[in-house]
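Analysis of the macromolecular model
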Amino acid sequence: MLDVKFIRSHLGDVKQALINRGQEFLLDDFESLDEMRRLLLGEVEARRQERNSLSEEVGRLKKAKQDAASLMERVRDINQELKELEQDLQDKEALVQDFLLNLPNLPHESVPVGASSEDNPVVKTWGEPPVFSFPARPHWEIGENLGILDFETAAKITGSRFSLLKGPASRLERALINFMLDLHTREHGYLEVWPPFMINSASALGTGQLPKFKDDLFKLEGWDYYLAPTAEVPVTNIHREEILAEENLPLYYTAYTPCFRSEAGSYGKDVRGLIRQHQFDKVELVKFTTPEASYDELEKLLANAEKILQELELPYQVVVLCTGDMGFAAAKTYDIEVWLPGQEAYREISSCSNFEAFQARRANIRFRRRGAKGTELVHTLNGSGLAVGRTLVAILENYQQEDGSVVIPAKLRPYMGGLEVIRGVAG
């Protein structure tokens, strides 16, 4: 969430930032709404001051045994006026708050201006896409032929956009989770946590899922609980309503969770395979930092996520998202896109974002510098390290063999009980 005082004092800059995001219309009603709120606040304060002054005069008159009836009547009138004005002010403040909660973050000055994903510049490539002597197959065809991916049975159990993994595929999913968590905790210094897989509305509001993305969440009927759309939400909310000590920053957390998303607005996209599911696994990386360190920490976060793909020898590219393609809460985002030969395309496997103080203001996460009395908002960051199902997809497609089998990357074989090749459900 943005600071309303900042918006007032930098209205031109905020307007331009929203124009760059393609959302300039969001400020159309703000100035008039904010001005009405401020005028109402002035009236309320003036009435309160008048009431207090008259009340003092009533007390003086009564003490002097003089008639105070007319002044008492005026105080009663003011109280009624105040009741109406305060309700009107409360309504206007609620509208301002709702406006702020639905206003996206402002892009960092280094973010390229653009309208869509077509304008995202590639800033890095790593590895060479494999060259096959046979037509590369997509992962759903590989998995179904091996009997390790079963979308039909998953649809029977639940519905579309769910999957049933069998035998070595389910073990590979578990191996990837353990491999990612081990690497991030042992080599990158993250503290592993195992958070709840359900969140309340305060947590969803704190990280920006509510109110704007309510339709993307699965809500439990009769409860103030939602299924977590990503571990970012419960992990970031570990420190909601807390004041951290500067000497303890930065804080690094990593967590595995299943993720649940309705994929509202994605009808018809990626209907086959594992790319866009209602339920999927992800290992998340979350950081809390001081403002001056957050962009250095973003580069480190990106490198931590990249390391997984490098260890698995999966080719990828890194793009920086332009202003028109950025997520709601982000100030800057890098996407890591892994090469999928069966689809002849790079596809997103991780987004690494700096939210600056946007989430911290919503969740009231602050820190106190050494020797300081006051507090400041922390900066929060997060990134997928990685999306597990999409990593499995990348392995199936990049390590496929002409006979339909799939070679297990060397780094994962210890997690697979020494299995080197997937030839079907039996191995």
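Residues numbered from 1 in each chain as written. Predicted model: local features only at pLDDT ≥ 70, side-chain atom pairs only at ≥ 80, totals over all residues. Heavy atoms only, no water.

**Concerning the overall build of the protein**
Defined as follows: The way it works is that DSSP assigns letters per residue, a run of H or I at least four long becomes a helix, a run of E at least two long becomes a strand, and they are numbered from the N terminus. What makes two residues a contact is simply this: any of their non-hydrogen atoms within 4.5 Å. Areas reported as accessible are Shrake-Rupley estimates using a 1.4 Å probe. Residue values count occlusion only from the protein chains shown. By the counting rule applied here, Lys and Arg register as positive and Asp and Glu as negative, while His and the ends of each chain are not counted. Charged side chains are reduced to one point each, which is NZ for Lys, CZ for Arg, CG for Asp and CD for Glu.
Scanning the protein from terminus to terminus reveals 12 helices and 17 strands. For the protein, the proportion of contacts with a sequence separation of at least 24, taken over those separated by at least 6, is 74%. Total accessible area computed for the protein in this model is approximately 20,400 Å², and 48% of it derives from carbon and sulfur atoms. Distance between charge centroids for the protein: 5 Å, based on 50 positive and 66 negative side chains.

**Overview of the packing of helix α3 (residues 30-63) against helix α4 (residues 69-101)**
Formally: Each axis is a line fitted through C-alpha atoms, and for a helix only the stretch in contact is used; angles between axes span 0 to 180 degrees, taken between their N-to-C directions. Angle categories are assigned with fixed cut-offs, so that under 35 degrees is roughly parallel, over 145 is roughly antiparallel, 65 to 115 is roughly perpendicular, and the rest are oblique. Put simply, a crossing is left-handed when the front helix is turned counterclockwise from the back one by less than a right angle, and right-handed when it is turned clockwise. Charged residues are taken to be Asp, Glu, Lys and Arg, nonpolar residues to be Ala, Val, Leu, Ile, Met, Phe, Trp, Tyr, Cys and Pro, and polar residues to be all remaining types, Gly included.
Where α3 meets α4, the axes come as close as 8 Å, and the angle between the chain directions of the two elements is 155°. Overall, the two elements α3 and α4 adopt an arrangement that is roughly antiparallel. The handedness of the crossing between α3 and α4 comes out as left-handed. When grouped by side-chain class, the residues that make up the contact of α3 with α4 number 19 nonpolar, 2 polar and 14 charged.

**Section: the sheet that holds strand β14 (residues 376-377)**
Where strands meet in a sheet, backbone hydrogen bonds hold them as pairs that are either parallel or antiparallel. Definition in use: Pairing between two strands is assigned when DSSP locates at least 2 bridges connecting them.
Strands sit in the order β7-β13-β14 across an open sheet of 3 strands; the sheet is mixed. With partners counted over all chains shown, the strands left at the sheet margins are β7 (243-245) and β14, one partner each. Sheet topology note: the β7/strand β13 (residues 366-368) ladder contains 3 bridges and is parallel. Residue pairing across strands places I243 opposite R366, the latter belonging to β13.

**Describing the pattern of salt bridges**
Stated precisely, the cut-off is as follows: One side-chain nitrogen of Lys or Arg within 4 Å of one carboxyl oxygen of Asp or Glu is enough to make a salt bridge. Only protein chains enter the accessibility calculation, which uses a 1.4 Å probe; a residue whose area is less than 20% of its type maximum is buried, one above 50% is exposed, and one in between is partly exposed.
Counting across every chain of the model gives 25 salt bridges. A salt bridge links D150 to K166; the shortest N-O distance between them is 3.2 Å. Of this pair, D150 sits in strand β2 (residues 149-150) while K166 sits in the loop between β3 (164-165) and α7 (168-186), and the two are 16 residues apart along the sequence. When its relative accessible area of 14% is taken as the criterion, D150 is described as buried. With its nearest N and O atoms 2.6 Å apart, the salt bridge here joins K282 to E284.

**A few points about the environment of F218**
Position of F218 relative to the elements: it lies in the loop between α8 (201-207) and β6 (225-227). Apart from residues lying up to four places away in sequence, F218 is in contact with Y226, L227, F260, R261, S262 and H278.

**Let's talk about α3**
As a reminder of what qualifies: Helix span is expected to be 1.5 Å times the residue number reduced by one.
Its 34 residues place the ends of α3 49 Å apart at the C-alpha level, agreeing with the 50 Å of an ideal helix rising 1.5 Å per residue. Restricting attention to buried positions, one finds in α3 the residues F30, L33, D34, R37, L40, V44, L54, V58 and L61. Elements that come into contact with the buried residues of α3 comprise α1 (4-9), α2 (11-21) and α4. K65, located one to two residues past α3, shows a positive phi value of around 60°.

**Focus on the side chain of H239**
What counts, and what does not: Contacts described as polar in this section are N or O atom pairs within 3.5 Å, which, within protein, must combine one atom able to donate a hydrogen with one able to accept it, while residues neighboring in sequence count only if both atoms come from side chains.
Inspection of the secondary structure assignment puts H239 in the loop between α9 (232-236) and β7. A distance of 2.8 Å separates a polar atom in the side chain of H239 from a polar atom in the side chain of E242. Separated by 2.7 Å, the side chains of H239 and Y253 make a polar contact. Apart from residues lying up to four places away in sequence, H239 is in contact with L244, L251, Y253, F288 and I365.

**Focus: the pairing of strand β12 (residues 345-356)**
Bridge count for strand β11 (residues 332-340) against β12 is 9 bridges, and the pairing is antiparallel. Paired with L340 across the bridge in β12 is A345. As consecutive antiparallel partners, β11 and β12 are separated by 4 residues, and within that stretch E344 has a phi angle of approximately 50°, a positive value.

**With respect to the side chain of Q400**
Along the polypeptide, Q400 turns up in the loop between α12 (388-398) and β16 (406-407). A relative accessible area of 2% means that Q400 is categorised as buried. Of the polar contacts made by the side chain of Q400, one reaches the backbone oxygen of E397; its length is 2.9 Å. Residues contacting Q400, with those up to four places away along its chain left out, are F132, F134, A136, R137, I142, I395, S405 and V406.

That is the geometry; function is a separate question.
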